[in-house]
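Structural description and commentary
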Amino acid sequence: MLSLNQISHLKLFFFTVLISLSFPIGSYITASMDPLVVTWVRYLLASLLFVGILVAKKQFRIPSAKDLGRYTLISLPALGYFVAMFIALRDTSPLDASALYTTVPLMSAILAAFVFKRSTSLSVTLALLGGMLGAGLIIFRGDLSAAGSIAMTASNKIYLLGCLGMALNPIIVKKCYRGESFVHLTCWTLICATGLLTVAAAPQLVQVQWTQIPADIWLGIGYLAVFATAISFFLFQQGSVALAPEQVSAYTYLIPVLVLLVNRFTGNLVPWEEVSYGVVTVLLSMTVMIRRGSPGTHAAVAKPEQEALAK
């Protein structure tokens, strides 16, 4: 029988798979729709899905004002990242963005050390650096000298701030979790995020010709809403409570590996010799992250949280 720790890692692996599958779908949709509008629709549909689940289970309830503030706080890091990404990608290249994103797990480890007042073991630190190196080797197709071409332009600085938000994401979830069911937590986090997005995207929303959106675009948005938003948020929040923040963030190192696999099925092949060292380095680093963790990781999960995770 799998332990709570193993189940949490398995959930984060499936979260990473769902996110990786969303890249080609997201690229196809945003070629014809405003990315901010797409994000708003996927959050809205994901929110409605969880509302439906809670209503069907007769567990839907309006949180207190204090809890609504907590759920809004939980939603802010990911939303901050999306806003920074939309602003930055007007000038930042996808290659620069991919390279900068590899800093997220290391930032998570540093921030978690301050927030939770604990140290990160040497093996985990080396694994984080190894994962960063491996992901970089994949992104730059084995030529790390290309990383020197990344200039800290204004747009890259904005995107790096967004990456800081993603680094804070598992820390905020872990810090703000109060033992409620994860369906309730995910539902209201998504609702609060949708409310904030509605304000941000209002000018674009009124300009969209909703009846003119093709069926294949709606199918793609449906995947993003159900799998890459609703289910992935649910899995991510469970993993964030059970594991150390740097372990959670380290799963982003697997995304380039999984994207390579997705590309193989779509016919976009990359020569193995260009990425082999990076793939092996990422897999070795992830093995260390999963097996070693950080001191006090599991002790930090309180009894109510263990009971909720076990449901």
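Above: the structure in question.
Note that the coordinates shown come from a computational prediction; the quantities given were computed from them, not determined experimentally.

1. Quick word on the overall build of the protein
- Each helix and strand in the protein was counted, giving 13 helices and zero strands.
- Scanning the protein from its N terminus toward the C terminus, one meets helices and strands in the order α-α-α-α-α-α-α-α-α-α-α-α-α.
- Relative to the globule expectation of 19 Å for 311 residues, the C-alpha radius of gyration of the protein, 19 Å, shows essentially globular dimensions.
- For the protein, the spread of C-alpha atoms along the three principal axes comes to 50 × 50 × 40 Å.
- The long-range fraction of contacts in the protein, counting pairs at least 24 apart against all pairs at least 6 apart in sequence, stands at 91%.
- When the accessible surface of the protein is split by element, carbon and sulfur atoms take 69% of a total near 15000 Å².
- Charged side chains in the protein number 20 positive and 12 negative. The centres of these two groups are separated by 13 Å.

2. Describing the packing of aromatic side chains
- For the structure shown, the criterion picks out 13 aromatic pairs.
- Here the aromatic residues Y43, Y81, F82, Y101, Y159 and F233 are joined through ring pairs into a cluster of three or more.

3. Some remarks on unusual backbone geometry
- Here the phi dihedral of K58 falls at roughly 60°; this positive angle occurs in a residue that is not glycine.
- Even without being a glycine, K117 presents a positive backbone phi close to 50°.
- Secondary-structure assignment places K117 in the loop between α5 (104–115) and α6 (122–139).
- The exposure class of K117 is exposed, given its relative accessible area of 73%.

4. Details of helix α11 (residues 254–265)
- Between the first and last C-alpha of α11 there are 17 Å, a value that for twelve residues agrees with the 16 Å anticipated at 1.5 Å per step.
- Those residues of α11 that fall on the buried side of the exposure criterion are L254, I255, P256, V257, L258, L260, V262 and N263.
- Residue G267 follows α11 closely and has a positive phi angle near 90°.

5. Here we look at the nonpolar core
- M33, Y43 and Y159 are the most contacted members of the largest nonpolar core, which has 82 residues in total.
- In contact with Y43, not counting residues within four places along its chain, are A78, L79, F82, L190, A193, T194, L197, T229 and F233.

Each value, and the rule that gives it
Residues numbered from 1 in each chain as written. Predicted model: local features only at pLDDT ≥ 70, side-chain atom pairs only at ≥ 80, totals over all residues. Heavy atoms only, no water. Helix = DSSP H or I, 4+ residues; strand = E, 2+ residues; numbered from the N terminus. Rg over C-alpha atoms; globule rule 2.2 N^0.38 Å. Contact = heavy atoms within 4.5 Å. Areas by Shrake-Rupley, 256 points an atom, 1.4 Å probe, with all protein chains shown as cover. Lys, Arg positive; Asp, Glu negative; His and termini not counted. Charge placed at Lys NZ, Arg CZ, Asp CG, Glu CD. Phe/Tyr/Trp six-rings, centres within 6.5 Å; stacked < 30°, edge-to-face > 60°. Buried < 20%, exposed > 50% of the residue type's maximum accessible area, 1.4 Å probe, protein only. Expected span 1.5 Å × (residues − 1). Core = buried A, V, L, I, M, F, W, Y, C linked by side-chain atoms within 4.5 Å.

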